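# Commentary on secondary and tertiary structure
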Amino acid sequence: MTTRVIIVRHGQSTFNKERRIQGRLDKSVLTEKGRETASQVAAALKGISFDAVYCSPLKRAKETAEAIVADLAGDSKPPAPQPSDKLMEVDLRLWEGMLREEVQEKFGEDYRCWQERPHEFSMNVPSETGTVEHFPVLALHEQAKQFWDEILPRHPNQTILIVGHNGINRCLLSTALGISPARYHSIQQSNCGISILNFDTPRPPLKGKLPVQLESMNLTSHVGEILPKPRPGHIGPRLLLVRHGETEWNRQQRFQGQIDVPLNDNGRSQSKCAADYLQDVQIDFAISSSMLRPKETAEIILQNHPGVELKVDDLLREISHGLWEGKFESEIETDFPGMLDQWKNTPESVQMPEGENLEQVWERSVQAWQNIVKAAKPGTTGLVVAHDAINKALLCHFAGLGPEHFWNFKQGNGAITVIDYTLGPDHPPVLEAINITTHFGGILDKTAAGAL
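Residues numbered from 1 in each chain as written. Predicted model: local features only at pLDDT ≥ 70, side-chain atom pairs only at ≥ 80, totals over all residues. Heavy atoms only, no water.

A tally of regular secondary structure across the protein chain gives 14 helices and 14 strands. What you see for the protein chain is a C-alpha radius of gyration of 22 Å, in line with the 22 Å of a compact globule of 452 residues. The dimensions of the protein chain, computed from C-alpha atoms along their principal axes, are 65 × 45 × 45 Å. Expressed as a percentage of the 452 residues in the protein chain, the buried residues total 58%. (Helix = DSSP H or I, 4+ residues; strand = E, 2+ residues; numbered from the N terminus. Rg over C-alpha atoms; globule rule 2.2 N^0.38 Å. Buried < 20%, exposed > 50% of the residue type's maximum accessible area, 1.4 Å probe, protein only.)

Written out as structure tokens, the structure reads:
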């Protein structure tokens, strides 16, 4: 992956604080808290050299970008922010400036459509030729695609910073990863939250599957939120999905699969860091894969939560690599010529010799997850510790993606992902944060990129 894109949402604005719909209305500016958190973003980005900075031209985003760049000036001397209209916020012109409660009261049916079927939501807005039907989310998705098509070819092998808004940032992430506009509300973007995408170059057109990896999404610890806050009105369970700590075979990049390799010393240290990070988070129940490495990771985390019983589930075991297990990539290439490239490029097409395919992994991991969600009591928080392939399959499932997107999500050893069932277990989950590894120091995931 050669082009790194770091996406930041603007800091708290006056309209955020008042719970007003902002859209493209440019009357909202940063609050004192918004300016403070912009400086905290800069502190988190220290040591990263940026080749370009892009921002929305709206005041709240432009001010955030300028504050970040000013605070970084003594470090990596980033270039001045370049405003782009393609980073403008979602166009909700009939609601702009109104309190959310006012919109719900005045436009009840439309607001429900906006929340439940955002891809179908439309507004009849005035134009030069009369009234036209405007689809805000569909238009914003197209805008995001145009931004990627315009910007990515300019920056091969570079690092760029983008400062935008809640809506456009969701659409930038969605269009990069192939997530449907119907999932618009399933992605959280907190004020001054940080997300990181790594694009491979050269890349194909956006019509195809982008060679991109979501390294992390909506990191908030730098602004004092260990985990993103649940959305207002949250009633369902919150689940913390964790990948086990490092093993010696991870470090050696040897395929593990269902061979029961324990944590190494670094893996135990990573698990302790995760435990310390989560020590003040209420955990009501815990479930782990039945294999040694996730089970030990969970046990270390739960040392700070006495009284929480750890249950294990065989359905959460790592993918079976069959005859690949215990081998290095060079050995696999010798024994199964061309199959490793197939696994890296079209993983959905691979049947592991005497092992599993991704469809089988999907089926059992999703079944395990549904069992967990069904059993969880409203308002509780659960810890789920599993493996790289299991976690990636689940993340694809949450995002409405199939096995062909398996490599689009990174899961570092000891990383934490936050999934909320805001409206309850019968509604789609909200991806609050993905692949948090800031408890190891810094916002970049520096865990071993070992084999599964």
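The final tally for this structure, using the stated rule, is 14 aromatic pairs. Aromatic rings pair up to connect Trp95, Phe107, Tyr111, Trp114, Phe121 and Tyr184 into one cluster. The ring of tyrosine 184 has arginine 170 lying over it, and the distance from NZ or CZ to the ring centre is 4.8 Å. Arginine 254 extends its terminal NZ or CZ atom over the ring of tryptophan 249, reaching a point 5.0 Å from the ring centre. (Phe/Tyr/Trp six-rings, centres within 6.5 Å; stacked < 30°, edge-to-face > 60°. Lys NZ or Arg CZ within 6 Å of the ring centre and 35° of its normal.)

Take the confidence of the model for the protein chain next. Here the protein chain averages 95 in pLDDT, while 96% of its residues score no lower than 70. For the stretch residues 203–208, pLDDT sits under 50, and the model shows 13 contacts to residues farther than four places along the chain or on other chains. (pLDDT = per-residue confidence, 0-100. Contact = heavy atoms within 4.5 Å.)

This part is about the pattern of salt bridges. Counted according to the given criterion, the structure contains 19 salt bridges. Connected through salt bridges with shared partners, the residues Lys86, Glu150 and Arg154 form a single ionic network. (Salt bridge = Lys/Arg side-chain N within 4 Å of Asp/Glu carboxyl O.)

Attention now goes to the packing of helix H6 (residues 136–151) against helix H7 (residues 166–177). Where H6 contacts H7, the axes come no closer than 8 Å and their chain directions differ by 65°. If you check the angle between H6 and H7, you find them roughly perpendicular. In this structure, H6 meets H7 at a crossing whose hand is right-handed. Contact with H6, carried on its side by Leu140, His141, Gln143, Ala144, Lys145, Phe147 and Trp148, involves Gly167, Ile168, Cys171, Leu172, Ser174, Thr175 and Ala176 of H7 and no other residues of that element. Classifying every residue of the contact of H6 with H7 by side-chain character gives eight nonpolar, five polar and one charged. (Axes fitted to C-alpha atoms, helices over the stretch in contact; angles between N-to-C directions. Parallel < 35°, antiparallel > 145°, perpendicular 65-115°, else oblique. Left-handed = near helix turned anticlockwise from the far one by under 90°. Nonpolar A, V, L, I, M, F, W, Y, C, P; charged D, E, K, R; others polar.)

The next point concerns the packing of helix H9 (residues 265–277) against helix H10 (residues 292–301). With their axes 8 Å apart at the nearest point, H9 and H10 run at an angle of 40° to one another. One element, H9, and the other, H10, form an angle in the oblique class. Here H9 runs over H10; the crossing is right-handed. Contacts between H9 and H10 pair Arg268, Ser271, Lys272, Ala274 and Ala275 from the former with Glu296, Thr297, Ile300 and Ile301 from the latter. Residue composition of the contact of H9 with H10, grouped by class: four nonpolar, two polar and three charged.

A word on helix H14 (residues 388–398). Here H14 lies mainly inside the structure; 10 of its 11 residues are buried. Among the residues making up H14, those that are buried are Asp388, Ala389, Ile390, Asn391, Lys392, Ala393, Leu394, Leu395, Cys396 and Phe398. Summarising the contacts, the buried residues of H14 are in contact with strand E9 (238–243), helix H13 (358–375), strand E12 (381–386), strand E13 (416–420) and strand E14 (430–436). Once H14 ends, the next one or two residues include glycine 400, with phi positive near 75°.

By the secondary structure assignment, aspartate 445 is in the segment after E14. Look at aspartate 445 and you get buried, because its relative accessible area is 9%. At a separation of 2.9 Å, a polar atom in the side chain of aspartate 445 contacts the side chain of asparagine 435. Within the local environment of aspartate 445, its side chain forms a polar contact with the side chain of threonine 447, the two groups lying 2.6 Å apart. Among residues more than four places away in sequence, those in contact with aspartate 445 are Glu215, Lys410, Gly412, Asn435 and Thr437. (Polar contact = N/O pair within 3.5 Å; in protein donor to acceptor, adjacent residues only side chain to side chain.)

On to H13. With 18 residues, H13 should reach 26 Å at 1.5 Å per residue; the first-to-last C-alpha distance of 26 Å fits that figure. Considered for burial, the residues of H13 that qualify are Leu358, Val361, Trp362, Arg364, Ser365, Val366, Ala368, Trp369, Ile372 and Val373. (Expected span 1.5 Å × (residues − 1).)

With that settled, consider unusual backbone geometry. With a phi angle near 60°, arginine 19 is a residue other than glycine that sits in the positive phi range. Within the secondary structure, arginine 19 is located in the loop between helix H1 (14–18) and helix H2 (32–44). Taking relative accessible area as the criterion, arginine 19 reaches 34% and is therefore assigned partly exposed. The phi angle at glutamine 253 is positive, at roughly 60°, despite the residue not being glycine. Among the secondary structure elements, glutamine 253 is positioned in the loop between helix H8 (248–252) and H9. Judged by its relative accessible area of 41%, glutamine 253 is partly exposed.

A word on the nonpolar core. Counting 81 residues, the largest nonpolar core has Trp148, Leu197, Trp343 and Trp369 as its most contacted members. Dropping the residues within four chain positions of it, tryptophan 343 is found in contact with Phe255, Ile319, His321, Trp324, Val350, Met352, Leu358, Phe406, Trp407 and Leu452. Core analysis: the next-biggest nonpolar cluster, separate from the first, contains 47 residues, Cys192, Val242, Ala286 and Val418 among them. (Core = buried A, V, L, I, M, F, W, Y, C linked by side-chain atoms within 4.5 Å.)

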